[in-house]
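Spelled out from the first residue to the last, the chains are:
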Amino acid sequence: MIDLLALDEPGLVALLARWNQPAFRARQLRAWLYERGAASFEDMTDLPGPLRTRLAAEARIGAFVVTAEQQSRDGTVKRLVKMDDGQQVETVLMPYADGRRTACISSQAGCAMGCVFCATGQMGFARHLTEAEIFGQAARFASELKRRGERLSNVVLMGMGEPFHNYDAAVATIRRLSRDLGIGARHITVSTVGIVPGIRRFAREGLQTTLAISLHAATDEERSAMLPVNRRWPLAELIDAIREYTEISGRRVSFEWALVAGRTDSADQAERLANLVAGIPCHVNAIPLNPTRGFDGAPTLSADAAGFVDTLTRRGIPATVRVRRGIDIDAGCGQLHAEVQRKERRAHG
Ligand code: SAH
Ligand code: SF4
């Protein structure tokens, strides 16, 4: 089976040329895939019948199937998708009142970085996803939205996995989101745990994508305890790479900071964070911890979250508490996957 989403424009042209189709068929097919949101080959009514039959027999749109789906009260849709080899990843669509439609997509099955509070980190690493598997998650949402007269406006690479551990596929995905789905780089965010060579390389891609860095702690001791990757690239090196990134790209960065009650949510912590990032054009996203089974921390109280952000703001650092979406449906990174695995284990014995 040929996954049409794995083919870029020249690839699609070449496939149809091999099938002795005139060149304009590739344009028609691309329009169905990326502009008109066709769900199946039967929908592609301006393609000749025999071509539709051959496509249905030899090709498909996206290399995965949706195996579980939950919809939150706030409209967030979270699904588990299964790849050909059985690996499952999470992919989320978040509708906002202002009309934005944001997809949160996964870059790996599992994750090798082992952050202690993260459900994906707790499950370990299975494998990298291919560009087509990453891109396909967004393309599927884009196509479904098109059919309802809506448009996928934003994409965040913040699902399962560490994008800069799967660097080439992640960056190729970003380029295709713009080229094929018309989502401008400024509407795409890639989040990294702090892989320093990846940050330095990304600075040189000439992309206007937003870079988010998972900071979560302002001293090496605390950060290494939460994010083992900090032992490899400690804060001084990380901050240096981020400064270089902002200078080369001319972009501000986002810092992510999980608020864990009594640990990372004090005014004192906010002061230390302010000192650490002083002079870097940035925005801090403070995210109340999503509780996970493997970590004993509790989410911060909303008054403490507000205090944390106030301290940063007074120090001249733009900061907001990120609204938690889909909190009633395991919509934290890796949580639906973990829940389904538990259910499957119970079912099998
Ligand atoms: N691997 C990348 C992107 C995926 S995780 C990264 O770590 O940046 C997306 C964000 O969710 C990261 O900032 C991560 O630290 C955060 N996160 C993971 N588990 C969380 C939890 N249980 N509560 C709050 N934030 C969490
Ligand atoms: Fe991996 Fe990001 Fe989770 Fe850390 S927070 S384990 S890097 S997915």
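No experiment lies behind these values; they were computed from the predicted model shown. (Residues numbered from 1 in each chain as written. Chains lettered and ligands numbered in written order. Predicted model: local features only at pLDDT ≥ 70, side-chain atom pairs only at ≥ 80, totals over all residues. Heavy atoms only, no water.)

What to know about the site of ligand 1
Taken together, 15 residues form the shell around ligand 1, and within it G161, S191, S214, H216 and N290 come nearest. The contact in question runs from a nitrogen atom of ligand 1 to an N or O atom on the backbone of F117, over 3.0 Å. Within the contact set of ligand 1, a nitrogen atom lies 3.2 Å away from a side-chain nitrogen or oxygen of E162. Considering only residue class, the shell around ligand 1 consists of five nonpolar, eight polar and two charged. (Near = heavy atom within 4 Å. Polar contact = N/O pair within 3.5 Å; in protein donor to acceptor, adjacent residues only side chain to side chain. Nonpolar A, V, L, I, M, F, W, Y, C, P; charged D, E, K, R; others polar.)

Describing the site of ligand 2
Neighbouring ligand 2 are the residues C111, M113, G114, C115, C118, G121, G161, E162 and V193. When the residues that make up the shell around ligand 2 are grouped by side-chain class, the tally is five nonpolar, three polar and one charged.

Observations concerning the domain arrangement of the chain
Splitting the chain by domain gives domain 1 (2–60) and domain 2 (64–347). Of the roughly 970 Å² buried where domain 1 meets domain 2, counting both sides, 46% is carbon and sulfur surface. The tally of links from domain 1 across to domain 2 stands at two salt bridges. The partner of R60 in a salt bridge is D84, and the shortest N-O contact between them spans 2.6 Å. For the pair domain 1 and domain 2, the interface holds six residue pairs in polar contact (both at pLDDT 80 or more). Looking at the side of domain 1 that touches domain 2 element by element, the count peaks at three residues for helix α2 (residues 24–35). Considered class by class, the residues forming the side of domain 1 that touches domain 2 number six nonpolar, one polar and six charged. (Domains from an automatic or database assignment. Buried area = accessible area lost by both parts, 1.4 Å probe. Salt bridge = Lys/Arg side-chain N within 4 Å of Asp/Glu carboxyl O. Helix = DSSP H or I, 4+ residues; strand = E, 2+ residues; numbered from the N terminus.)

Focus: the packing of aromatic side chains
If you walk through the whole model with that rule in mind, you get six aromatic pairs. Ring centres of F164 and Y167 lie 5.4 Å apart, and the angle between their planes is 50°; on these two criteria the pair is classed as tilted. Accessibility assignment for this pair places F164 and Y167 in one class, buried. Taken together, F164, Y167, F202 and Y245 form an aromatic cluster joined through their ring pairs. (Phe/Tyr/Trp six-rings, centres within 6.5 Å; stacked < 30°, edge-to-face > 60°. Buried < 20%, exposed > 50% of the residue type's maximum accessible area, 1.4 Å probe, protein only.)

Some thoughts on the pattern of salt bridges
Two side chains that carry opposite charge are able to pair once their charged atoms sit near each other. This model, assessed by the stated rule, comprises 25 salt bridges. R54 is the partner of E58 in a salt bridge, and the nearest nitrogen-oxygen pair spans 3.0 Å. Taken together, the positions of E58 and R54, both in helix α3 (residues 49–58) and four residues apart, correspond to about one turn of that helix. Judged by relative accessible area, R54 falls into the partly exposed class, the value being 34%.

Topic: the pairing of strand β6 (residues 101–104)
Of the two faces of β6, both are covered, the one formed by R101 and A103 as well as the one formed by T102 and C104. Bridge analysis of strand β5 (residues 88–95) against β6 gives four bridges, and the strand direction is antiparallel. Bridged to M94 within β6 is T102. Connecting β5 to the next strand, β6, in antiparallel fashion are five residues, including G99 with a positive phi near 100°. Sheet analysis places β6 next to strand β9 (residues 154–157), joined by three bridges and oriented parallel. (Pairing = 2+ DSSP bridges.)

Some words on the sheet that holds strand β11 (residues 210–214)
Ordered by their spatial adjacency, 10 strands build an open sheet running β3-β4-β5-β6-β9-β10-β11-β12-β13-β14, and the pairing between neighbours is mixed. Looking at strand neighbours, the two that pair on one side only are β3 (64–71) and β14 (319–321), the edges of this open sheet. Neighbour-to-neighbour, the strand axes of this sheet turn through a mean angle of 20°, independent of strand direction. By the bridge criterion, four bridges tie strand β10 (residues 188–192) to β11 in an arrangement that is parallel. Residue pairing for β11: V190 is matched across the bridge by L211. This element, helix α5 (residues 131–147), spans β3, β4 (77–83), β5, β6 and β9 of the sheet and lies at about 40° to β5. Relative to the sheet, helix α12 (residues 302–314) contacts β12 (253–259), β13 (282–288) and β14, its axis offset from that of β14 by approximately 170°. (Axes fitted to C-alpha atoms, helices over the stretch in contact; angles between N-to-C directions. Contact = heavy atoms within 4.5 Å.)

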